[in-house]
Amino acid sequence: MGFARACSVALVGVEGVVVEVQADLEPGVAAFTLVGLPDKSLVESRDRVRAAVVNSGAEWPQKKLTVGLSPASVPKGGSGFDLAVASAVLGAAERIDPAAIADVVMIGELGLDGRVRPVRGVLPAVLAAAEAGYRQVVVPEQTAGEAALVPGISVLGVRSLRQLIAILGDEPVPDEPVADPGRPDTMLAGLLVPGAGIGTGLAAHAADGAGHRPDLADVAGQARARHALEVAAAGGHHLLLSGPPGAGKTMLAERITAILPPLSRRESLEVTAVHSVAGILPPGEPLISRAPYCAPHHSATMQSLVGGGNGLPRPGAVSLAHRGVLFLDEAPEFSGRALDALRQPLESGHVVVARAAGVVRLPARFLMVLAANPCPCGRHTLAGAGCECPPSAVRRYQARLSGPLLDRVDLRVEVEPVGRADLMGRGGRGESSAEVAARVREARARAAARLAGTPWSTNSEVPGHELRTRLVAAPGALMAAERDMERGVLTARGLDRVLRVAWTVADLRAADRPDASDIAVALELRTGIQRGVPLRAGAS
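None of the values given here were measured: they were computed from a predicted structure. (Residues numbered from 1 in each chain as written. Predicted model: local features only at pLDDT ≥ 70, side-chain atom pairs only at ≥ 80, totals over all residues. Heavy atoms only, no water.)

Right, let's talk about the pairing of strand β15 (residues 367-372) for a bit. Within β15, 6 of the 6 residues are buried, leaving the element largely enclosed by the surrounding structure. Burial along β15 is two-sided: the residues L367, V369 and A371 and M368, L370 and A372 are all buried. Judged from the 4 bridges that link them, strand β10 (residues 239-242) and β15 form a sheet pairing that is parallel. The partner of S242 across the bridge, within β15, is A372. (Buried < 20%, exposed > 50% of the residue type's maximum accessible area, 1.4 Å probe, protein only. Helix = DSSP H or I, 4+ residues; strand = E, 2+ residues; numbered from the N terminus. Pairing = 2+ DSSP bridges.)

This next bit is on the sheet that holds strand β16 (residues 411-414). Within the open sheet, the 5 strands sit side by side as β11-β12-β15-β10-β16. Their pairing is parallel. Each of the sheet's edge strands pairs with one partner strand only, and the pair in question is β11 (293-294) and β16. Docked against the sheet, helix α8 (residues 223-235) engages β10, β15 and β16, running at close to 165° with respect to β16. (Contact = heavy atoms within 4.5 Å. Axes fitted to C-alpha atoms, helices over the stretch in contact; angles between N-to-C directions.)

Core analysis: the largest hydrophobic core is formed by 58 residues, its most contacted members being L239, I256, I259, V369, I519 and L525. At 8 residues, helix α21 (residues 492-508) tops the list of elements feeding residues into this core. Apart from the residues lying within four places of it in its own chain, the contact partners of I256 are L229, A232, A233, V325, L367 and V369. (Core = buried A, V, L, I, M, F, W, Y, C linked by side-chain atoms within 4.5 Å.)

So, on to the pattern of salt bridges. Where charged atoms from two side chains of opposite charge come close, those side chains can pair. Enumeration over the complete set of coordinates arrives at 30 salt bridges. We note a salt bridge from R323 to E270, for which the minimum N-O separation is 3.1 Å. Of this pair, R323 sits in the loop between α12 (317-320) and β12 (325-328) while E270 sits in helix α10 (residues 265-278), and the two are 53 residues apart along the sequence. Since its relative accessible area comes to 18%, R323 is described here as buried. Of the residues examined, E270 reaches a relative accessible area of 23% and is grouped as partly exposed. Taken together, the shared-partner salt bridges connect E347, D407, R408, D410, R493, R497 and R526 into one network. (Salt bridge = Lys/Arg side-chain N within 4 Å of Asp/Glu carboxyl O.)

What follows is the structure, encoded as structure tokens:
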């Protein structure tokens, strides 16, 4: 009787569980049994592994073969177990040393010719292996760079099963043909979900047209909206842009990623792990260092926004925008159920999706930007524009954004139509994204220094009781906010959010703490009521 084991990883959402792949050979009629709660694609690995082993020059054992995936209670799916199954079978047949693979994590799909094909989710799988104490992983050569992002892990990238057998057996490693540089590599097809490439707008740094990147200097006028954009980026505050069509709401939203600071190492790993699982990680870019930008169409379902799918839920738009921007253009056109499903991730920074196959917790800490017209025709706020929408239609349209959702939006700005002078450039070009981004980085650095030693890094994450007890504003600064709360203009949550915005405004002007003018600016940005305080950018 022969026995051997290898290890692989089963992904549950964006978290991994190390799975022990055990192979047992016994005398009897030749058969191949796979147990351990596999799905359809994993059951089919029996035929893939058999063909790959034979075409790699190894002999397939003509005995009763049982392959078990432990723990058996965890659902397992995908083709990433092929390499571990093949190695365990060859170890049980004594073609390779069983001791050499006992503590090695193997991830990869096998082609019928023995080539090792890359699979999605390599980074979260290797992270799970590292947390479980494993120090050696074998992955497809194309994803070796992604696996190497995890510190303390020895990564071996292989191109074929023949190469792995030779390396484990201390034999000469055969050369494998590489793809023609002038043609696309078909081996990368398993990494990308069809239709979810760079063209979906998820790559924030992707240039449009002939190398042009959106810049804030392209936006004509809109000083108030530009200031709100800067405050949103500096503190991570959610933003609602309301105004007629053609005023520049979408242009502003598309440029917010250009002023966000680069992701930290930890944030980059979080974002890369989510994108790897979702199959939208750009080839040749193992680590995402820029804030992602996700702009789903208004016909998106609730499942596509928060996560879902057959079996265990997969990441939705809120997770794809993790540590970046989620832009909902024409927000009132989204379904009410889809919009209200955003309440939990807006508060907690994660989303818990429960399905019959299991419960999955997905990261979802994003900056939400909403764009909305004032009425169905969009001309309600324009003087002399001829809006024909009855008042009841205008009320119904604006009520599609529910009160509880709007209560979680820190900044609400009316985007005015662009005047002729601004459009023709007579007022001069506005500040570039680089200039605004420099102030945003300085403000975030001040907030991070103030919040050092706490679990928070931006002002939008600080709980309300901390703002009222430890991080207090200047004496008498809250009088206007308290009056608005007594009049019912502000809720308790609204008061906390005003305080968070006030701290961001103070950080942008390099102040030690917010004063009455900062509170007034925050109240104006939230309620839209003029407070007689000029909205300023940068230091005063």
